[in-house]
Amino acid sequence: MASGKSTVGPLLADALGHRFVDLDWLIEAKAGRPIPLIFAEGGETAFRAAEAEALDETTRSLRMVVATGGGALVTPAALRTARMAGPVVWLQASIDTILDRLGDAAGRPVLAGPDGRPLWGRALRDRVAALMEAREPFYAQADLTVDADAVAAIVAQRIVEGLRGWSRPT
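Quick notes on the rules
Each chain has its residues counted from 1, following the order in which its sequence is written. Local features in this predicted model are restricted to residues whose pLDDT is 70 or higher, and side-chain atom pairs enter the listing and the counts only when it is 80 or higher, whereas totals over whole chains, interfaces and linings include all residues. The side-chain numbers reported here are obtained from all heavy atoms of the structure, hydrogens and water having been left aside. Where helices and strands are cited, they refer to DSSP runs of H or I of at least four residues and of E of at least two residues respectively, numbered from the N terminus. Taken over C-alpha atoms, the radius of gyration is set against a globule rule of 2.2 Å times the number of residues to the power 0.38. Only heavy atoms matter for contacts: two residues are in contact if any of them lie within 4.5 Å across the pair. Working definition of accessibility: Shrake-Rupley area with a 1.4 Å probe, residue cover restricted to the visible protein chains. For this analysis, a nonpolar core means a set of buried residues of the types Ala, Val, Leu, Ile, Met, Phe, Trp, Tyr and Cys, connected via side-chain atoms within 4.5 Å. Each residue is assigned to one of three classes by its accessible area relative to the maximum for its type, calculated with a 1.4 Å probe on protein chains only: buried under 20%, partly exposed between the two thresholds, exposed over 50%. When DSSP finds two or more bridges between two strands, those strands count as paired. The angle between two axes is taken between their N-to-C directions and runs from 0 to 180 degrees, where each axis is a line fitted to C-alpha atoms and a helix contributes only its stretch in contact. Angles are sorted into four bins: roughly parallel if under 35 degrees, roughly antiparallel if over 145, roughly perpendicular if 65 to 115, and oblique for all others. Whether a crossing is left-handed or right-handed is set by the direction in which the near helix is turned from the far one by less than a right angle, anticlockwise for left-handed and clockwise for right-handed. When residue character is reported, Ala, Val, Leu, Ile, Met, Phe, Trp, Tyr, Cys and Pro are called nonpolar, Asp, Glu, Lys and Arg charged, and the others, Gly included, polar. By construction, the arc corresponds to the directions joining the helix axis to the C-beta atoms.

### So, the overall build of the protein chain
So, step 1. Within the protein chain, the secondary structure is distributed over seven helices and four strands.
So, step 2. Going from the N terminus to the C terminus, the protein chain shows its helices and strands as α-β-α-α-β-α-β-α-α-β-α.
So, step 3. In summary, the protein chain has a C-alpha radius of gyration of 16 Å against a globular reference of 15 Å for 170 residues, a match within 12%.
So, step 4. Based on the C-alpha atoms only, the size of the protein chain along its principal axes is roughly 50 × 30 × 25 Å.
So, step 5. Within the protein chain, contacts between residues at least 6 apart in sequence are counted, and of these 67% link residues at least 24 apart.
So, step 6. As displayed, the protein chain offers around 9500 Å² of accessible surface, 54% of which is attributable to carbon and sulfur atoms.

Structural data, given as structure tokens:
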């Protein structure tokens, strides 16, 4: 979340001559409503089901860069699906960078308090830190890890360089 996927992704796709899709945008288009509303109507379970379906759909396409949501690959099945389709890249950003990019965290249901309002201050920092810690074991299985604290163009270039010579694990 807020690591730069939606910004770096199009730059990477352009550099590789691939198409770009943001999984969150695809979910919203297919559902006909924004992610916060999907969460409000069906909870995180409904959103994760839509996310898994969208991931499955995108992994059937070739020459595509897919920006997943921060929690999209935190099940063994989803991670396996993504890794079978191509290299998985972890944009590893520091908590300070993530907090700077989040701003007020509005529109991010996993960063809302029990009252539905966005967390802020120490509560926001603690939630982001907890999410990062919980997700790290999955992220650590990525084929490539890139420092994402830099500007998007540099991050995209680092990915291009890191993917040179990549081949599917056997």
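Moving on from the coordinates now.
### Brief notes about the nonpolar core
So, step 1. Core analysis: the biggest nonpolar cluster contains 48 residues, and L73, L102, L111, L124 and I159 have the highest contact counts within it.
So, step 2. Apart from residues lying up to four places away in sequence, L73 is in contact with L55, T68, A78, L79, A82, V88 and F138.

### Some thoughts on the pairing of strand β4 (residues 144–147)
So, step 1. What you see with β4 is a clean split: L144 and V146 sit on the buried side and T145 and D147 on the side with no burial.
So, step 2. For strand β3 (residues 89–92) and β4, the ladder comprises four bridges, and the chain directions are parallel. Bridged to L91 within β4 is V146.

### Brief notes about the packing of helix α1 (residues 5–16) against helix α7 (residues 152–163)
So, step 1. Look at α1 against α7: their axes get within 9 Å of each other, and the N-to-C directions meet at 50°. Relative to α7, the element α1 lies oblique. Every pair of crossing elements has a handedness; the one defined by α1 and α7 is right-handed. Judged by residue contacts, T7, V8, L11, L12, A15 and L16 of α1 engage A152, A153, V155, A156, I159 and V160 from α7.
So, step 2. Per-class residue counts for the contact of α1 with α7 are eleven nonpolar, one polar and no charged.

### Overview of helix α4 (residues 76–85)
So, step 1. Buried residues of α4: A78, L79 and A82, and no others. Each buried residue of α4 lies within a common arc of 95° when the element is viewed along its axis, so the set occupies one face. What points out from α4, more than 90 degrees from its buried face, is the exposed set P76 and M84.
So, step 2. In the core, the buried residues of α4 are packed alongside α3 (35–58) and α6 (121–139).

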